[in-house]
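Observations on the model geometry
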Amino acid sequence: MRIGDVEFEAIGACDRCVMITLDPATGAARSDHEPLAMLGRQRRGEDGKAYFGQFLVPRTLGRLHVGDKVEVLSRKPAITILPGNAQPVTRLPSTSANAGADARHGSHERLLRCVAVIDEANDFRTFHFVADDAVDYKPGQFITLLLDIDGETLRRNYTISSSPSRPHYLSVTVKRVDGGRVSNWLHDTLKVGDSIRSLGSNGRFHLAAVGTAGKLLLLSGGSGITPMMAMLRFIADTNLPLDVCFHHSARGIEDIAFLHELLSIRMQMGDRLKLSWNLTGSNAVADANALAARFESSKHGMQALVGRLDAAMMQAVCPDFAERAVLCCGPDGFRTGSREIYEGWKARPEFPFLEETFGPDRAAMPLPEIGNYKVSFLKAGKSVSGSGTVTLLELARKVGVELTSDCEAGICGSCRCKVVSGEWRVAANAADPERSVLSQGEKEEGYVLACSTSPIGDVCIEA
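Residues numbered from 1 in each chain as written. Predicted model: local features only at pLDDT ≥ 70, side-chain atom pairs only at ≥ 80, totals over all residues. Heavy atoms only, no water.

**As for the packing of helix 3 (residues 225–238) against helix 4 (residues 259–269)**
What counts is decided by this rule: Orientation is described by axes fitted as lines to C-alpha atoms, over the contacting stretch for helices, and by angles from 0 to 180 degrees between their N-to-C directions. Secondary structure follows DSSP: runs of H or I at least 4 residues long count as helices, runs of E at least 2 residues long count as strands, and numbering of each begins at the N terminus. Put simply, angles under 35 degrees are roughly parallel, angles over 145 are roughly antiparallel, angles from 65 to 115 are roughly perpendicular, and the rest are oblique. Left-handed describes a crossing whose near helix is turned anticlockwise from the far helix through less than a right angle; right-handed describes the clockwise counterpart. The criterion used for residue contact is that any of the two residues' heavy atoms lie within 4.5 Å. Side-chain classes are defined by residue name, with Ala, Val, Leu, Ile, Met, Phe, Trp, Tyr, Cys and Pro counting as nonpolar, Asp, Glu, Lys and Arg as charged, and the others, Gly among them, as polar.
Between helix 3 and helix 4, the shortest axis-to-axis distance is 10 Å and the interhelical angle comes to 30 degrees. Our classification of the angle between helix 3 and helix 4 gives roughly parallel. Pair helix 3 / helix 4 crosses with left-handed handedness. Together, Met-229, Leu-232, Arg-233, Ile-235, Ala-236 and Asp-237 of helix 3 and Glu-261, Leu-262, Ile-265, Gln-268 and Met-269 of helix 4 make up the contact between the two elements. Here the residues of the contact of helix 3 with helix 4 sort into seven nonpolar, one polar and three charged.

**Overview of the state of the cysteines**
So the rule is basically this: Throughout, disulfides are identified as pairs of cysteine sulfur atoms within 2.5 Å of each other. With a 1.4 Å probe rolled over the protein chains alone, any residue whose accessible area is under 20% of its type maximum counts as buried; one over 50% counts as exposed, and the rest are partly exposed.
Inspection of the entire model under this criterion finds zero disulfides. The structure places no disulfide on Cys-415, whose sulfur is separated from the nearest cysteine sulfur, that of Cys-451, by 3.6 Å. Owing to a relative accessible area of 4%, Cys-415 belongs among the buried residues under this scheme.

**A word on the pairing of strand 6 (residues 124–131)**
To keep things clear, this is the line we draw: Should DSSP find at least two bridges between two strands, the strands are regarded as paired.
Bridging between strand 5 (residues 109–121) and strand 6 involves eight bridges; their strand directions are antiparallel. Opposite Cys-114, over in strand 6, you have Phe-129 as the bridge partner. The antiparallel pairing of strand 5 with strand 6 creates a hairpin that spans two residues between the two strands, and Asp-123 there sits at a positive phi of about 55 degrees. Where strand 6 lies against strand 9 (residues 170–175), six bridges are found, and the strand directions are antiparallel. When the bridges of strand 9 are listed, Phe-127 appears paired with Val-172.

**Re a nonpolar patch on the surface**
Applied cut-off: Candidate patch residues must exceed 30% relative accessible area and have no salt bridge, after which like charges are joined if within 9 Å and Val, Leu, Ile, Met, Phe, Trp or Tyr side chains if within 5 Å. Every accessible area reported is derived by Shrake-Rupley at a probe size of 1.4 Å, with residue values counting cover from the shown protein chains alone. In what follows, salt bridge is the name for a side-chain nitrogen of Lys or Arg lying within 4 Å of a carboxyl oxygen of Asp or Glu.
On the surface, Ile-11, Phe-55 and Val-57 cluster together into a nonpolar patch covering about 240 Å² of accessible area. Mapped onto the elements of the fold, Ile-11 is located in strand 2 (residues 6–15).

In structure tokens form, the structure reads like this:
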């Protein structure tokens, strides 16, 4: 090929090594082994190596410039063959100034300053922040807020509702809930000019997870609309060639967040975006009629239906359901019902059903008792004994052993540590009991997630 005035010969596919997991500025390795871990899952050759890119050898000397034309001069058969199930990795453009520069990823603490507070719907409020440094994230991921309330630092994960295509601010949208210590504090206390600490971003539920799917169903209930808005904003801003069906479940018209913005995006995307809602409250019929009248729903390709989401309703709002990758977020009952629709669909769905959990901000779920334990942290030379069910992360903090942590729900993988000996079990607070963030090799070597692992008896940790 020729790039500008320089000719190159393509020698073959480039196999990737651990080098690509290192921060070029500091040499620090990423704890999640990305992007090598992802390439190993999706672009592993028959020889076991992870491939991405091509080796080029220059035939002539010269300078390369941004904007140079690339010309293919001749072709030859590929030397390295990827298995038939290998999938190209979807890469979303990043607009962050330091994208990829922070090897610590989710463990990097930054300061967020509130610059706007917006009421989106009934008890539903968006907080806009500017950060002390740029935040690199994928649409749909969450951020961890560190909030000092009544002399105690509380950590809560909130989906980022803004889009990385709008890099000048970051926002979270929070619903007030009964008994919600943090959500109510945010609604009642946080104001423009205040600053809070944060960690992240993190999370496996994001737009890039759909892979090569060209048609999406964004399916949400209640507060689950927040990651869907981040994804839809990104799709519209970057004009991604995707066909989107956006369906949301709410009690009534006053509980529907982002209503006017959704209509604006629909006008921008045209027939590539279909909008629909199902309303479940006591005034659902009147609200659905009001919604249809207010926005001339049939004219704008919108539907407002009454009742809980079921297969018949799904057929009405998204008849090509089986052809779409489904991204679902909402309360447990909503996600369970949606998953049953997916699993029972007559035409076998072509793409996966991806879901994200969320709930009221509360302490971790109570864990059943296990019994006596003794945990030794070998490198630190410290140990702790006790009884009952606790996590390794709690015990590490108790004796002053520093373990990197972020989501504290068994999602991000930043707290991985190695169990040298002893028994353990996955704790009830694990959002992903399968521990998908760990590779099979790591599991076989004894690595666990400290935030969601409980010791049984005598346990030794390589930390």
